[in-house]
Amino acid sequence: MGAAQSLGLPPAQGPHRVGCTDVMVGLTRKGLFFRLFYPCLPQEGVEQPLWIPRYEYCRGLADYANLHWKWCIPLLSIAFGSFRVPVSWNGPFKPCSSKYPLIIFSHGLGAFRTVYSAVCAELASRGFLVAALEHRDHSACATYFCKAGDGEPGAPQAALQEEWVPLHRVPAGRKEFHFRNPQVHQRANECVRGLQLFQDISRGQAVTNILHSDFDLAALKDSVDMTRAAVMGHSFGGATAVLALAKEPAFKCAVALDAWMFPLENALYPKVVKPVLFINTETFQTAKSIAKMKQLSSRNSQTKIITVLGSVHQSQTDFTFLAGNLVNTVFQTRGPLDPCKGLAITSRAALAFLQKHLELKEDFDQWNDLLDGIGDSVIPEAPLCLSNL
């Protein structure tokens, strides 16, 4: 497989079929927007959603890559526009008497809510509800919210107006930390609000999805185990997950995929008392970043750091499955490690960690060795060149 593999997202491997829907609540930028992945019932004539949900995201990706949008947007549309996510769009929710644990997922810089569909669907297939946020702090390549139009209050949805929130770069003359730190706090606050929204949904409180999806959020009543909630993210989202864990007591643990630790202030680290699993790629991290992770593992023996060998930063995104050889050559979307094997290592390590710290009664502990960096293509902590701190 590897670079010679056929392009497309792999189907989830767990026992549950997976459905997904988009949810937007609130008529201001302070609302929430996320894609929800969930266990669903089988059905005929399944519609699979497009991976890039709208053309505007192609322009956002072009902006993030700092490429001229007039030629880059058509290229991105050709390269990625036809891919679909192998899940059931608005599929019927699968009830569960024991309730499903919850994961709030935070994307990386320049990404959006569908960029981690492979790992989110895999976790949902194992019995999790996964809410993949689309952040509104100007770190997504593009996102939007809906606001009331110029008509009368209570106007129908047709009167709602979209307002797009573009990617913002660090302004000239401003230090990047002072730009990124407020962003990571906004992102973490959005994760906390996401958790609170599911508390409302689980209690049966009416929550209006202004996108008017065919999926009824009321189906989740009494089906979300709010005592078993975790936060997860990649890169900027990994730092977001660490911060959200410190902010919100209801989060029991965090999984940080190749976390970009730079935006976090030093004063935060003593406040992170719950366990974090850092799953790093081989080429992204620096000695300084690893040292920050070790500040947390030195205070809590349950905080783990592992590295997946043969992987690159984009290996934990869907781009690793979807980029052809030319795109991979330019943007390095995958390393020598087979993308499916990388996904298996990442998801299995996360599942083992979640079972332990959410006290799940599953068989995910069969992968406990991964948490100690034991296994093919995985090592504890960091490569030797970064571990001699």
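Residues numbered from 1 in each chain as written. Predicted model: local features only at pLDDT ≥ 70, side-chain atom pairs only at ≥ 80, totals over all residues. Heavy atoms only, no water.

The cut-off we apply is this: UniProt positions are given in the numbering used here, feature names are shortened, and annotations may be inferred rather than shown by experiment.
The name that an unreviewed UniProt entry assigns to the chain is Platelet-activating factor acetylhydrolase, with the source organism given as Alligator sinensis. UniProt's Catalytic activity (unreviewed entry) comment on the chain is quoted here verbatim: "a 1-O-alkyl-2-acetyl-sn-glycero-3-phosphocholine + H2O = a 1-O-alkyl-sn-glycero-3-phosphocholine + acetate + H(+)".

As for unusual backbone geometry
Just so we agree on the cut-off: Secondary structure follows DSSP: runs of H or I at least 4 residues long count as helices, runs of E at least 2 residues long count as strands, and numbering of each begins at the N terminus. Burial classification: accessible surface area is computed with a 1.4 Å probe over protein chains only, and a residue below 20% of its type maximum counts as buried, one above 50% as exposed, and the rest as partly exposed.
For Asn 90, which is not glycine, the phi torsion reads 60 degrees and is therefore positive. Its location among the elements puts Asn 90 in the loop between strand S3 (88-89) and strand S4 (100-106). On the accessibility criterion, Asn 90 (16% relative accessible area) is buried. Residues other than glycine seldom take positive phi values, yet Gln 332 does so here, at roughly 50 degrees. Note that Gln 332 resides in the loop between helix H8 (325-331) and helix H9 (339-358). We classify Gln 332 as partly exposed; its relative accessible area is 48%.

A word on the pairing of strand S2 (residues 32-40)
In regular strands, side chains alternate between the two faces of the sheet. Rule in force here: One bridge is not enough; two strands pair if DSSP finds at least two bridges between them.
Counting buried positions over the 9 residues of S2 gives 9, a clear majority of the element. Neither face of S2 is exposed, since Leu 32, Phe 34, Leu 36, Tyr 38 and Cys 40 on one face and Phe 33, Arg 35, Phe 37 and Pro 39 on the opposite face are all buried. Strand direction decides the pairing type here: strand S1 (residues 17-25) and S2, joined by 9 bridges, are antiparallel. Along S2, the bridge assignment pairs Val 23 with Phe 34. Hairpin remark: S1 followed by S2, antiparallel, with 6 residues in the connecting loop; positive phi at Gly 26, about 90 degrees.

So, helix H5 (residues 236-247)
The periodicity of an α-helix, 3.6 residues per turn, causes residues three or four positions apart to be oriented the same way. Our working rule: Expected span of a helix: the number of residues minus one, times 1.5 Å. Whether two residues are in contact is decided by their heavy atoms: any pair within 4.5 Å suffices.
End to end, H5 covers 16 Å across 12 residues, agreeing with the expected 16 Å (1.5 Å per residue, within 8%). The element H5 is extensively covered by neighbouring structure, given that 10 of its 12 residues are classed as buried. Listed in full, the buried residues belonging to H5 are Phe 236, Gly 237, Gly 238, Ala 239, Thr 240, Ala 241, Val 242, Leu 243, Ala 244 and Leu 245. Structurally, H5 contributes buried residues whose contacts are with S4, helix H4 (176-202), strand S8 (224-234), strand S9 (251-257), strand S10 (276-281) and helix H6 (287-299).

Section: the UniProt feature "active site" (unreviewed entry) in the chain
Where we set the bar: Two N or O atoms form a polar contact when they lie within 3.5 Å of each other; inside protein one atom must be a possible hydrogen donor and the other a possible acceptor, and for residues adjacent in sequence the pair counts only when both atoms belong to side chains.
Per the UniProt record, the feature "active site" (unreviewed entry) sits at Ser 235, Asp 258 and His 313. The greatest C-alpha distance among the annotated residues, which extend across 79 residues, is 8.1 Å, indicating that they converge on a single site. With respect to the secondary-structure elements, Asp 258 resides in the loop between S9 and S10. With residues up to four places along the chain from it excluded, the contact list for Asp 258 reads His 234, Ser 235, Ile 279, Asn 280, Thr 281, Phe 284, Gln 285, His 313 and Gln 316. For His 313, the location among the structural elements is in the loop between strand S11 (304-308) and helix H7 (319-322). Residues in contact with His 313, not counting those within four places in the same chain, are His 234, Ser 235, Asp 258, Thr 281, Thr 283 and Phe 284. Within the structure, the side chain of His 313 is placed 2.9 Å from the side chain of Ser 235, a separation counted as a polar contact.

Here's the deal with the packing of H4 against H5
Quick reminder of the rule: Working convention: axes come from line fits to C-alpha atoms, limited for helices to the stretch in contact. Angles between N-to-C directions cover 0 to 180 degrees. Helix crossings fall into two classes, left-handed where the near helix is turned counterclockwise from the far one by less than a right angle and right-handed where it is turned clockwise. Lys, Arg, Asp and Glu make up the charged group, whereas Ala, Val, Leu, Ile, Met, Phe, Trp, Tyr, Cys and Pro make up the nonpolar group; the residues left over, Gly among them, are polar.
One way to put it is that H4 packs onto H5 with a least axis distance of 8 Å and a crossing angle of 60 degrees. You can see that H4 and H5 cross each other, and the crossing is right-handed. Only Phe 236, Gly 237, Ala 239, Thr 240, Leu 243, Ala 244 and Lys 247 of H5 make contact with H4, whose side of the interface consists of Arg 180, Gln 183, Val 184, His 185, Arg 187, Ala 188, Asn 189, Cys 191 and Val 192. For the contact of H4 with H5, the per-class residue count stands at 8 nonpolar, 5 polar and 3 charged.

Let's talk about the packing of aromatic side chains
Put simply, the rule is: Whether two aromatic rings pair depends on their centres lying within 6.5 Å, for rings of Phe, Tyr and Trp, where Trp uses its six-membered ring; planes under 30 degrees apart make the pair stacked, over 60 edge-to-face, and the rest tilted. Counting as a charge over the ring demands two things of the Lys NZ or Arg CZ atom: a distance within 6 Å of the ring centre and an angle within 35 degrees of the ring normal.
Throughout the structure, instances matching the rule amount to 18 aromatic pairs. Seen in terms of ring centroids, Phe 364 and Trp 367 are 6.3 Å apart; in terms of plane orientation they differ by 10 degrees. Their pairing is stacked. On the accessibility criterion, Trp 367 (12% relative accessible area) is buried. Put simply, the rings of Phe 33, Trp 51, Tyr 57, Phe 80, Phe 112, Tyr 144, Trp 164 and Phe 319 touch in pairs and so form one group of aromatic residues. Just above the ring of Tyr 144 sits the side chain of Arg 54; from NZ or CZ to the centre is 5.0 Å. Over the ring of Phe 236 we find Arg 187, and its NZ or CZ is 4.2 Å from the ring centre.

Here we look at helix H2 (residues 69-80)
Selection rule: Here the arc refers to the set of directions running from the helix axis out to each C-beta atom.
Along H2, the residues classified as buried are Cys 72, Ile 73, Leu 76 and Phe 80. Here the buried residues of H2 occupy an arc of 100 degrees about the axis, which is enough to place them on one side. For H2, the exposed residues lying more than 90 degrees away from the buried face are Lys 70 and Ile 78. Lining the buried residues of H2 we find helix H1 (55-64), H7 and H8.

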